[in-house]
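Here is what each chain is made of, one letter per residue.
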Amino acid sequence: MGEGTATADLDTALEKHRTELTGYCYRMLGSSFEAEDAVQDTLVRAWRAYDKFEGRSSLRSWLYRIATNVCLDMLTASGKRARPMDLTEATPLARAALSPRPDHTWLEPVPDARVLPTVQDPAEAAVARESIRLAFMAALQQLPPKQRAVLILREVLAWRASEVAELLDTTVASVNSALQRARATLAERADAGDDAAVSDPLDEEQQRLLERYVKAFEGYDMTALTALLHEDAVMTMPPFDLWLRGPADITGFMSTIGASCAGSRLVPVQVNGLPGFAHYKPDPEKGGFSPWAVQALEISAGRITGFHCFLDTARWFPLFDLPLHLEAEADESEERG
């Protein structure tokens, strides 16, 4: 009885840290699925080694040490994740072609709820949300693994240099040096904070912008959509390496190669600290709507600056706890009849 209670208590104590550890591993790895695997590995290792945990540090610090080692091991076996614009130049619409690359190429989307623990401090919550946005995540991928860990622990999680040095078995001077180099690398990437203009929660202007976006997209009104896009707006569609810049090429693509998306439905989601939507396309065989993509929108100065569509319904929709079919609304069925 006593041993069973102790086991249950340990399971509960470990489980309390799952969300924040998933956020840490996601920032380290750039993959939502690899992050969940890393956390599961971390908790299993902690459970097995708990009798050797002597309490010299907090349980949380000990778990972060294990998680860091798990992530560093995983990063030696895989390359850095990227967005399409990190790999190629923008493609003019006239040369647009859909060429997929392997899944492990891409920075993956993540539901906010899986990586952002509830915190009371609004400033702390804002930092956490900004640190999972796509531009910042892509910038993190440019850092060597240990610099990445130092930056996340110091800048995002607000650990002291001495705590990070202890976790990494190094010196405070080494931690400070790694942080300086990491900051310099991020400073070179001008877009690392481009999407920080998104308010949390969204302000009235941003809410209206999203409402207009949904109306334009579901109505497939390219004139209305053009009015919502920044002149330098970009559109990406992983796993395809194609990306487009500017309203003319984006709407031109949507009305030609992407024309089958006409008549779609959008369901709001929270993705990477950004407003987003689950995109369902009309399903001519079953009726209603079937999953197509998870969209993440970057907003600045009253316009959409980034329109990122993560295709691959077999992975993303279950991850976001989204239904795999939407029924047609009654009035639509009557119209067809």
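I will try to describe carefully the structure that is included in this document. This is a predicted model, so every value here is computed, not measured. (Residues numbered from 1 in each chain as written. Predicted model: local features only at pLDDT ≥ 70, side-chain atom pairs only at ≥ 80, totals over all residues. Heavy atoms only, no water.)

**Notes on the overall build of the protein chain**
Tallying secondary structure elements over the protein chain gives 16 helices and six strands in all. Here the C-alpha radius of gyration of the protein chain, 22 Å, is about what a compact globule of 337 residues would show, namely 20 Å. Counting only C-alpha atoms and orienting by the principal axes, one finds that the protein chain spans roughly 70 × 50 × 40 Å. The 337 residues of the protein chain split such that 48% are buried. Expressed as a percentage of contacts within the protein chain between residues at least 6 apart in sequence, the contacts between residues at least 24 apart total 65%. As displayed, the protein chain offers around 16200 Å² of accessible surface, 51% of which is attributable to carbon and sulfur atoms. (Helix = DSSP H or I, 4+ residues; strand = E, 2+ residues; numbered from the N terminus. Rg over C-alpha atoms; globule rule 2.2 N^0.38 Å. Buried < 20%, exposed > 50% of the residue type's maximum accessible area, 1.4 Å probe, protein only. Contact = heavy atoms within 4.5 Å. Areas by Shrake-Rupley, 256 points an atom, 1.4 Å probe, with all protein chains shown as cover.)

**Things to note about the nonpolar core**
Core analysis: the biggest nonpolar cluster contains 101 residues, and Met 28, Tyr 213, Met 235, Met 254 and Phe 307 have the highest contact counts within it. In terms of residue count, helix H4 (residues 59-76) provides more of this core than any other element does, 10 residues in total. Apart from residues lying up to four places away in sequence, Met 254 is in contact with Phe 217, Tyr 220, Met 222, Leu 225, Met 235, Ala 259 and Phe 307. (Core = buried A, V, L, I, M, F, W, Y, C linked by side-chain atoms within 4.5 Å.)

**So, the pattern of salt bridges**
In this structure the tally under the stated criterion is 16 salt bridges. Linking Arg 65 and Asp 169 is a salt bridge whose minimum nitrogen-to-oxygen distance equals 3.2 Å. In this pair, Arg 65 sits in helix H4 while Asp 169 sits in the loop between helix H10 (161-168) and helix H11 (172-188), placing the two residues 104 residues apart along the sequence. Of the residues examined, Asp 169 reaches a relative accessible area of 64% and is grouped as exposed. A salt bridge links Glu 108 to Arg 81; its shortest N-O distance comes to 3.2 Å. (Salt bridge = Lys/Arg side-chain N within 4 Å of Asp/Glu carboxyl O.)

**Comments concerning the packing of helix H2 (residues 18-29) against H4**
Interhelical geometry of H2 versus H4 gives an angle of 30° and a closest axis separation of 10 Å. With respect to each other, H2 and H4 are oriented roughly parallel. As for the relative orientation of H2 and H4, their crossing is right-handed in sense. Packed against H2, whose contacting residues are Glu 20, Leu 21, Tyr 24, Cys 25, Met 28 and Leu 29, the element H4 presents Arg 60, Leu 63, Tyr 64, Ala 67, Thr 68, Cys 71, Leu 72, Met 74 and Leu 75 at the interface. Partitioning the contact of H2 with H4 into residue classes produces 12 nonpolar, one polar and two charged. (Axes fitted to C-alpha atoms, helices over the stretch in contact; angles between N-to-C directions. Parallel < 35°, antiparallel > 145°, perpendicular 65-115°, else oblique. Left-handed = near helix turned anticlockwise from the far one by under 90°. Nonpolar A, V, L, I, M, F, W, Y, C, P; charged D, E, K, R; others polar.)

**Some remarks on H10**
Along H10, the residues that are buried comprise Ala 161, Val 164, Ala 165, Leu 167 and Leu 168. Down the axis of H10, the smallest arc covering the buried residues is 160°, so these residues share one side. Buried-residue contacts for H10 involve H4, helix H9 (145-156) and H11. Just downstream of H10, Asp 169 is the residue with a positive phi angle, here 55°. (Arc of directions from axis to C-beta.)

**Description of unusual backbone geometry**
At the junction of Pro 238 and Pro 239, the peptide bond is cis and its omega measures out at 20° in the coordinates. Inspection of the secondary structure puts Pro 239 in the loop between strand S1 (229-237) and strand S2 (240-245). The backbone of Ala 301 shows a phi angle near 55°, a positive value even though the residue is not glycine. Secondary-structure assignment places Ala 301 in the loop between strand S5 (289-300) and strand S6 (303-311). The backbone of Asp 321 sits at a positive phi, close to 55°, despite the residue not being glycine. Inspection of the secondary structure assignment puts Asp 321 in the loop between helix H15 (313-319) and helix H16 (330-336).

**Description of the side chain of Gln 141**
Relative to the helices and strands, Gln 141 resides in the loop between helix H8 (134-140) and H9. Taking relative accessible area as the criterion, Gln 141 reaches 1% and is therefore assigned buried. Apart from residues no more than four positions distant in its own chain, Gln 141 is found in contact with Arg 27, Met 28, Leu 29, Gly 30, Lys 80, Arg 81 and Arg 148.

**A short note on the packing of aromatic side chains**
This model, assessed by the stated rule, comprises 12 aromatic pairs. For Lys 281, the ring lying beneath its charged end belongs to Trp 292, and the centroid distance is 3.8 Å. (Phe/Tyr/Trp six-rings, centres within 6.5 Å; stacked < 30°, edge-to-face > 60°. Lys NZ or Arg CZ within 6 Å of the ring centre and 35° of its normal.)

**Examining the sheet that holds S5**
Taken together, the six strands give an open sheet; going across it, the order is S2-S1-S6-S5-S4-S3, and neighbouring strands pair in mixed fashion. Edge positions in the sheet fall to S2 and strand S3 (265-271), since each of these pairs with one other strand and no more. For this sheet the average axis-to-axis angle between neighbouring strands, irrespective of direction, equals 20°. Bridge count between S1 and S2: four bridges; the pairing is antiparallel. Pairing of Val 234 across the sheet is with Arg 245, part of S2. Packing against the sheet, helix H12 (residues 204-218) makes contact with S3, strand S4 (274-282), S5 and S6, and its axis sits at approximately 145° to S5. (Pairing = 2+ DSSP bridges.)

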